[in-house]
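Residues per chain, in single letters:
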Amino acid sequence: MSKHKKIKWLIYTVLVGLIPILLRLLIHWVTKEGLVKSVSTSDFISFGLVLHISNINEIEHLMTSDQSWKTIQNGLSITFIAFYSMLFGLTLVSENTTMLIEEQTLQYCTMTLALISLLISCSVYDRISYNKIWN
């Protein structure tokens, strides 16, 4: 059961969350140079949002006696969703006012946050996949 759950997570959550990033890379690769950026902050924001929304959904359906763990994980995901919302707002501002926002720093920040989100989501699914009782 645990291996099956982890594979479903990799396909349905991680791979689906990576679609905007992978499509952008493919389009960048096949178009003329400079037409499409290879990396976009908003793609990493959507990846992080997919991971945390998936975490919340899975945790809500988990039957466990460890309610404090569920509360902590949901709170952590909600906090990350708030950070991603703020970063998305900054990307919107940077589209019109490039002098206010350091785009490269914003991009690195978002990519780092997405990597942290992936690690958190992986740890959540490790814990969930070894839980024997599902609702």
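Here's a quick rundown of the structure. These numbers come from a predicted model, not from an experiment.

This part is about helix 3 (residues 67–96). Compared with an ideal rise of 1.5 Å per residue, which puts 30 residues at 44 Å, helix 3 spans 45 Å between its outermost C-alpha atoms and is within 8% of the ideal. Of the positions making up helix 3, those classed as buried are W69, K70, Q73, N74, S77, F80, Y84, L87, T91 and S94.

This brings us to the pattern of salt bridges. Side chains bearing opposite charge may pair, as long as their charged atoms lie close to each other. Summed over the entire model, instances satisfying the criterion amount to 3 salt bridges. For D126, the salt bridge identified is with K6, shortest N-O distance 2.4 Å. With D126 in helix 4 (residues 103–129) and K6 in helix 1 (residues 2–30), the pair connects residues that are 120 residues apart, well separated along the chain. Using a relative accessible area of 18% as the deciding quantity, one classes K6 as buried. For R127, the salt bridge goes to D66, with nearest N and O atoms at 2.6 Å. Note that R127 is positioned in helix 4 and D66 in the loop between helix 2 (41–60) and helix 3, a separation of 61 residues in sequence. Exposure remark for R127: the relative accessible area of 39% places this residue in the partly exposed category. The partly exposed category is assigned to D66, whose relative accessible area is 25%.

Okay, the packing of helix 3 against helix 4 next. Each pair of packed helices can be described by the angle between their axes along with the distance between the axes. Two numbers describe how helix 3 lies on helix 4: the axes approach to 11 Å, and their chain directions differ by 160 degrees. Judged by the angle between their axes, helix 3 and helix 4 are roughly antiparallel. Judged by the twist between their axes, the crossing of helix 3 over helix 4 is left-handed. Residues W69, Q73, L76, F80, F83, Y84, L87, L90, T91 and S94 of helix 3 form the contact with helix 4, whose participating residues are E103, L106, C109, T110, L113, A114, I116, S117, I120, V124, R127 and I128. Looking at the contact of helix 3 with helix 4 residue by residue, the classes come out as 15 nonpolar, 5 polar and 2 charged.

Attention now moves to the side chain of S121. As for its position among the elements, S121 is in helix 4. For S121, a relative accessible area of 0% corresponds to the buried category. Within the structure, the side chain of S121 is placed 3.1 Å from the side chain of W9, a separation counted as a polar contact. Residue contacts for S121: discarding those within four places in its chain leaves W9, L51 and N55.

What counts, and at which threshold
Residues numbered from 1 in each chain as written. Predicted model: local features only at pLDDT ≥ 70, side-chain atom pairs only at ≥ 80, totals over all residues. Heavy atoms only, no water. Helix = DSSP H or I, 4+ residues; strand = E, 2+ residues; numbered from the N terminus. Expected span 1.5 Å × (residues − 1). Buried < 20%, exposed > 50% of the residue type's maximum accessible area, 1.4 Å probe, protein only. Salt bridge = Lys/Arg side-chain N within 4 Å of Asp/Glu carboxyl O. Axes fitted to C-alpha atoms, helices over the stretch in contact; angles between N-to-C directions. Parallel < 35°, antiparallel > 145°, perpendicular 65-115°, else oblique. Left-handed = near helix turned anticlockwise from the far one by under 90°. Contact = heavy atoms within 4.5 Å. Nonpolar A, V, L, I, M, F, W, Y, C, P; charged D, E, K, R; others polar. Polar contact = N/O pair within 3.5 Å; in protein donor to acceptor, adjacent residues only side chain to side chain.

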